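Overview (structure and organization)
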Amino acid sequence: MSSRLFRYSLLGVVALAVAGLAYYLYHNSFYTLDLTRRDRYQAEEVVQSAFLMCQMTDRLLQKRESEIADQVQKALSVAGYPVLLDESQPWQVAIPGSPSTDKLTLPRMAVKTFRGHKRNLENLGEALRRFTGGEVTILQRVNEKGDHLAVYCSISGVESPAEPTSLIPARLGNGEKEMCLEKLDQGKTVLRPEFINGTLQVSYYYPIFADQKNIATLVVRVNDPDLERLRNDIIDLRIGQSGYVYALKGTGAHRGQYQISFNGERDGENIWNARDASGRPFIQSMINEALALKKKFDRVSVPIAFERYPWKNPGDLQPRYKTAAVVYFEPWDWVLGAGYYEDER
């Protein structure tokens, strides 16, 4: 009898232990799952907030664009309007991605006043700087494809055809269109923040037409307090212990370039070819995921994708997994990411 009672008691203890273990595993798995959901939800909220902040700032910049446009028209009325002359001009052209330069012959561009006088582009460039308070680049359209050449630039000092100047291709090597140039061909003014000479500035692109053809583009770049405020606000966004928000260029020749980085320490750096601990080009994957999202959104939410990858910092013994919630802000061609380490709970 006693041995039978002992067996029953032992079975009860084992059953209780098994039940306890099952409860622990059940509770722990759901607790972990709950934490994972919470982390992803927080990342969603943060990157969505960054998106809406960009949207609000874009509206402010759009309102300011009309003021800049008025100043551009005043400069044109004073200095003259760009025209193509019946004479040729050779240029030394710097080809993107090539260490060498090439020669390109174009019709000479000048400005023509309302009284019929012809002036050099420098006169228009200086007038634009004086009226807008920004730096100025004048781009001449090169061909039917839509390639452009910087024929005047107050920042880099392009003043002479003897100096190498940059070719801006309408299409990249993979055939992808440069969206900014495509919109200009449609007669649209383009506004976008760009990282120029170490600072994030607002660039306003104004197409110039003659005989119903786009012959040039005036680019005015200005520092803007609302854009600077947005930059600081995005840098201040945090997720958990060390997660943060950043902005990358989505398409074009500068895709993968940091527009806003962690604490602003890597602004302007291009990380398109960066690879994670497994050797996968995760930035390319991240940007492609964001570009594939539907562009439609409402006031409540925006389309969000997730990128999960192993990352090993210098000094770490083992890689740690990170997850980034990403969205695409099309007006500026920005991919916004909110990344965090999964083990920081």
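Residues numbered from 1 in each chain as written. Predicted model: local features only at pLDDT ≥ 70, side-chain atom pairs only at ≥ 80, totals over all residues. Heavy atoms only, no water.

Notes on the overall build of the protein chain
- Each helix and strand in the protein chain was counted, giving five helices and 15 strands.
- The buried share of the protein chain, taken over its 345 residues, is 43%.
- Taking as baseline every contact in the protein chain between residues at least 6 positions apart, the subset at least 24 positions apart corresponds to 56%.
- By element, 52% of the accessible surface of the protein chain is carried by carbon and sulfur atoms, the whole surface being about 18900 Å². (Helix = DSSP H or I, 4+ residues; strand = E, 2+ residues; numbered from the N terminus. Buried < 20%, exposed > 50% of the residue type's maximum accessible area, 1.4 Å probe, protein only. Contact = heavy atoms within 4.5 Å. Areas by Shrake-Rupley, 256 points an atom, 1.4 Å probe, with all protein chains shown as cover.)

Thoughts on unusual backbone geometry
- One non-glycine residue, N197, adopts positive backbone phi at about 50°.
- With respect to the helices and strands, the residue N197 is situated in the loop between β7 (190-196) and β8 (199-210).
- A positive phi is found at N263, a non-glycine position, where the angle reads about 55°.
- Take N263: its relative accessible area is 38%, and that puts it in the partly exposed class.

Observations concerning the packing of aromatic side chains
- The tally for this structure, following the rule as stated, stands at eight aromatic pairs.
- For the pair F51 and F329, a centre-to-centre distance of 5.2 Å together with 90° between the ring planes defines the contact as edge-to-face. Of the two residues, F51 sits in helix α1 (residues 2-79) while F329 sits in strand β14 (residues 320-329), which places them 278 residues apart along the sequence. Each member of the pair, F51 together with F329, is buried.
- Each residue in the set F51, F329, W332 and W334 is aromatic and connected to the rest through ring pairs, giving one cluster.
- In this structure, R40 is placed above the aromatic ring of F306, and the distance from its NZ or CZ to the ring centre is 3.8 Å.
- Sitting over the face of the ring of Y321, R308 holds its NZ or CZ atom 4.0 Å from the ring centroid. (Phe/Tyr/Trp six-rings, centres within 6.5 Å; stacked < 30°, edge-to-face > 60°. Lys NZ or Arg CZ within 6 Å of the ring centre and 35° of its normal.)

Considerations on the nonpolar core
- In terms of nonpolar packing, the biggest core is built from 57 residues, with I138, L218, W332, W334 and L336 touching the most fellow members.
- With 18 residues, the next largest nonpolar core counts F282, V326, Y328 and V335 among its residues. (Core = buried A, V, L, I, M, F, W, Y, C linked by side-chain atoms within 4.5 Å.)

Some remarks on the pattern of salt bridges
- Counted according to the given criterion, the structure contains 18 salt bridges.
- The partner of D185 in a salt bridge is R141, and the shortest N-O contact between them spans 2.3 Å. Separated by 44 residues along the polypeptide, D185 in helix α3 (residues 179-185) and R141 in strand β4 (residues 135-141) bring together distant segments of the chain.
- Here D343 ties to R320 by a salt bridge, and the two come within 3.0 Å at their closest N and O atoms. Of this pair, D343 sits in the segment after β15 (334-341) while R320 sits in strand β14, placing them 23 residues apart in sequence.
- Among the charged side chains, a network of salt bridges with common partners joins R64, D224, D226 and R229. (Salt bridge = Lys/Arg side-chain N within 4 Å of Asp/Glu carboxyl O.)

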